[in-house]
Amino acid sequence: MQTADIRGRWLDFFADRGHTVVPSASLVSDDPTLLFTVAGMVPFVPYLTGLVPAPYPRATSVQKCIRTNDIEEVGKTPRHGTFFQMNGNFSFGDYFKEEAIGFAWELLTTPENQGGYGFRESDLWVTIYLDDDEAHRYWRALGVPENRIQRLGMESNYWSTGQPGPAGPCSEIFFDRGPAYGADGGPATDDDRYVEIWNLVFMQYLRGESTGKSDFQILGDLPKKNIDTGMGLERVAFLKQGVENMYEIDQVRPVLDRAAALSGRRYGANHDDDVRMRIVADHVRSSLMLMSDGVMPSNEGRGYILRRLLRRSVRAMRLLGVDTVSLPELLPASRDAMSAAYPEVKSDFGRISQAAFAEEETFLRTLASGSAVLDLAVAKTKKANKTELAGPTAFLLHDTYGFPIEITLEIAEEAGLSVNRDAFDVLMTKQRTMAKADAKSKKTTLADLGVYSAFRALGETVFTGYDDLQNESSVL
Ligand code: ATP
Ligand code: MG
Ligand code: MG
Ligand code: MG
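Below is a summary of the structure that appears in this document. What you see is a predicted model, and the numbers here were worked out from it, not measured in a lab.

### Re the packing of helix α8 (residues 271-292) against helix α10 (residues 327-338)
Thinking step 1. The interhelical angle for the contact between α8 and α10, taken along N-to-C directions, is 70 degrees, at an axis separation of 9 Å. Of the possible angle classes, the one that applies to α8 and α10 is roughly perpendicular. Residues Val-280, Val-284, Arg-285, Leu-288 and Met-289 of α8 pack against Leu-327, Leu-330, Leu-331, Ser-334, Arg-335 and Met-338 of α10.
Thinking step 2. For the contact of α8 with α10, the residue count by class is eight nonpolar, one polar and two charged.

### With respect to the packing of aromatic side chains
To describe a pair of aromatic rings, one takes the distance between the centres and the angle between the planes.
Thinking step 1. Considering all chains together, one arrives at 19 aromatic pairs under this definition.
Thinking step 2. Between the aromatic rings of Trp-10 and Phe-14, the centroid separation amounts to 4.7 Å while the plane-to-plane angle is 50 degrees, which identifies the pairing as tilted. On the criterion of helical spacing, the pair formed by Trp-10 and Phe-14 is a turn pair, its members being four residues apart in helix α1 (residues 3-16).
Thinking step 3. Since its relative accessible area comes to 0%, Trp-10 is described here as buried.
Thinking step 4. Ring centres of Trp-105 and Trp-139 lie 5.8 Å apart, and the angle between their planes is 75 degrees; on these two criteria the pair is classed as edge-to-face. Separated by 34 residues along the polypeptide, Trp-105 in helix α3 (residues 97-109) and Trp-139 in helix α4 (residues 133-141) bring together distant segments of the chain.
Thinking step 5. Using a relative accessible area of 4% as the deciding quantity, one classes Trp-105 as buried.
Thinking step 6. Among the aromatic side chains, those forming a connected cluster through ring pairs are Trp-10, Phe-13, Phe-14, Tyr-95, Phe-103 and Trp-198.
Thinking step 7. When the ring centre of Phe-119 is taken as reference, the NZ or CZ atom of Lys-240 above it lies at 5.1 Å.

### A closer look at the site of ligand 1
Thinking step 1. The environment of ligand 1 is made up of 17 residues, and the closest members are Asp-70, Arg-79, His-80, Glu-196 and Arg-235.
Thinking step 2. Between an oxygen atom of ligand 1 and a side-chain N or O atom of Arg-79, the distance comes to 2.7 Å.
Thinking step 3. Within the side chain of Glu-172, one N or O atom sits 3.4 Å away from an oxygen atom of ligand 1.
Thinking step 4. Those elements that provide at least two residues to the shell around ligand 1 are β3 (83-92), β8 (194-210) and β9 (216-232).

### Things to note about the pairing of strand β4 (residues 124-129)
Sheet faces and side chains relate simply in a regular strand, where the side chains alternate between the two faces.
Thinking step 1. Summarising burial for β4: six of the six residues are buried, a large majority.
Thinking step 2. Alternating positions in β4 separate into two faces, Leu-124, Val-126 and Ile-128 on one and Trp-125, Thr-127 and Tyr-129 on the other, with burial throughout.
Thinking step 3. Pairing between β4 and strand β7 (residues 165-176): five bridges, direction antiparallel. Directly across from Val-126, in β7, lies its bridge partner Ile-173.

### Topic: the environment of Tyr-181
Thinking step 1. Inspection of the secondary structure puts Tyr-181 in the loop between β7 and β8.
Thinking step 2. For the pair formed by Tyr-181 and Tyr-194, sequence separation is 13 residues and the distance between their alpha carbons is 8.4 Å.

### A closer look at the environment of Leu-27
Thinking step 1. Position of Leu-27 among the secondary structure elements: in the loop between β1 (20-21) and α2 (45-49).
Thinking step 2. Residue contacts for Leu-27: discarding those within four places in its chain leaves Leu-35, Phe-36, Thr-37, Lys-64, Cys-65, Ile-66, Phe-83, Met-289, Leu-290 and Asp-293.

### What about the pattern of salt bridges?
Thinking step 1. In total, this model carries 25 salt bridges according to the counting rule given.
Thinking step 2. Salt-bridge contacts for Glu-244 lead to Arg-177; the nearest nitrogen and oxygen are separated by 4.0 Å. Here Glu-244 is found in the loop between α6 (233-240) and α7 (253-263), whereas its partner Arg-177 is found in the loop between β7 and β8, with 67 residues between them in sequence.
Thinking step 3. Across the pair Arg-421 and Asp-425 runs a salt bridge whose closest N-O atoms are separated by 3.3 Å. Of the two residues, Arg-421 and Asp-425 are both situated in helix α15 (residues 421-446); the distance of four residues between them amounts to about one turn of the helix.

### Thoughts on the side chain of Arg-67
Thinking step 1. Mapped onto the fold, Arg-67 is located in the loop between β2 (58-66) and β3.
Thinking step 2. Of the polar contacts made by the side chain of Arg-67, one reaches the backbone oxygen of Val-38; its length is 3.0 Å.

### Comments concerning α8
Thinking step 1. The end-to-end C-alpha distance of α8, which contains 22 residues, comes to 32 Å, matching closely the 32 Å that a straight helix rising 1.5 Å per residue would cover.
Thinking step 2. Of all 22 residues making up α8, 19 are buried, and the element is well covered by its neighbours.
Thinking step 3. Taken from the residues just after α8, Gly-294 is the one with a positive phi, measuring 95 degrees.

### Here we look at the state of the cysteines
Thinking step 1. Applying the stated criterion across every chain yields a total of zero disulfides.
Thinking step 2. A disulfide-free cysteine, Cys-65 has its sulfur positioned 16 Å from the sulfur of Cys-170, the nearest such atom.

Rules and cut-offs
Residues numbered from 1 in each chain as written. Chains lettered and ligands numbered in written order. Predicted model: local features only at pLDDT ≥ 70, side-chain atom pairs only at ≥ 80, totals over all residues. Heavy atoms only, no water. Axes fitted to C-alpha atoms, helices over the stretch in contact; angles between N-to-C directions. Helix = DSSP H or I, 4+ residues; strand = E, 2+ residues; numbered from the N terminus. Parallel < 35°, antiparallel > 145°, perpendicular 65-115°, else oblique. Contact = heavy atoms within 4.5 Å. Nonpolar A, V, L, I, M, F, W, Y, C, P; charged D, E, K, R; others polar. Phe/Tyr/Trp six-rings, centres within 6.5 Å; stacked < 30°, edge-to-face > 60°. Buried < 20%, exposed > 50% of the residue type's maximum accessible area, 1.4 Å probe, protein only. Lys NZ or Arg CZ within 6 Å of the ring centre and 35° of its normal. Near = heavy atom within 4 Å. Polar contact = N/O pair within 3.5 Å; in protein donor to acceptor, adjacent residues only side chain to side chain. Pairing = 2+ DSSP bridges. Salt bridge = Lys/Arg side-chain N within 4 Å of Asp/Glu carboxyl O. Expected span 1.5 Å × (residues − 1). Disulfide = S-S within 2.5 Å.

As structure tokens, this is what we get:
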């Protein structure tokens, strides 16, 4: 089942059940406190808080999302993209828990020839919040056996903004990939074998101030209860397409194949190379989608994230043995895989590719000039009969030449040297402290929270970008 088909079935299913189909909002969120759209619910926040009356009682969308906090997982887990699409259905004071659970189960288990996704019931597990007996009752009524329902705590199955306001339990649906992927303890014990595909959030309570770390008082029921759900399109796609991970689906795989072809290495032959090819496939696609939504490479904010993604891709190609430009091959491959769903990536490709190619060339030049400085430092170190490259040298390379520490480490190692990492880290920390103080003063000017303030702290999905931005060396 192609990704486009999974998307189409979703929209048809919820449209047939009275949901207004709402087009994806931009990846660049309207909320100035949020760097990117991180979930399907983001564009609906004003309706979910009740601050703006919802123009429709129920809605559905396939929302483009970026989650930079998942960047380290990319290529290593089967299921984390920096860009992905979240299918959502939403109720604004209309239907609630029983219907939301019913819809999800029906769509997942209805046979493919009847418009559903055709998952076998016995492959699905659900988690519910500890004391959510109501959710338990509805799942049981649909025939989900007791031993495939797990009760989990606050950490994974409770949603709140982190401050007084709406809150409520969640229920999640997982696909069991089978014993070849791990032990059979259910989603509570293993997250490689059991792939989370769909999160159902039941916004039903009004919570008060925190009394402890994750403790807060429930002040009562919300006058209008809401439903917010999110299903990962790429996750369902990889499970339905019978491939191993989301980088092998129809919308992503062509980029991976191009990366493999350029490197002359075979995908599947070596674990580290496979991870690199998956990183390239993910990052190139994310960059394409970000640029299509108007983000351009720069040294701060959204543009910096884009720059990091492009550079990480170049760096992964380099580790795959490709020292020359690769984006002129990779970006068109991603465009062709994405343009059916997002025609603008094609119509706007001239502008997008020009900026992307220029960024790659600049970074390759950076790598080249840094390499010259590093080679000299290596020679000097060796001449002095030392085995360790000095911390300040690594810092100079990072700071002045934009040379990622990982590359310094790699080249030093090839020359038989180590690097004084402690001294380097001390200098980095010092620099970050200064940059943070600077970012703080900028942050206050950005803090026009408006109607979004109640939803500012969307748990892990909140923009923690300024700390993140200082962390360039850890991700490049
Ligand atoms: P995980 O635990 O696997 O990281 P999550 O709990 O962070 O997922 P949610 O915030 O519940 O994810 O988002 C709703 C759904 O969106 C998930 O059930 C999943 O299908 C999908 N999803 C979340 N993050 C990603 C990602 N980085 N790449 C692809 N799909 C994702
Ligand atoms: Mg996550
Ligand atoms: Mg999860
Ligand atoms: Mg989840």
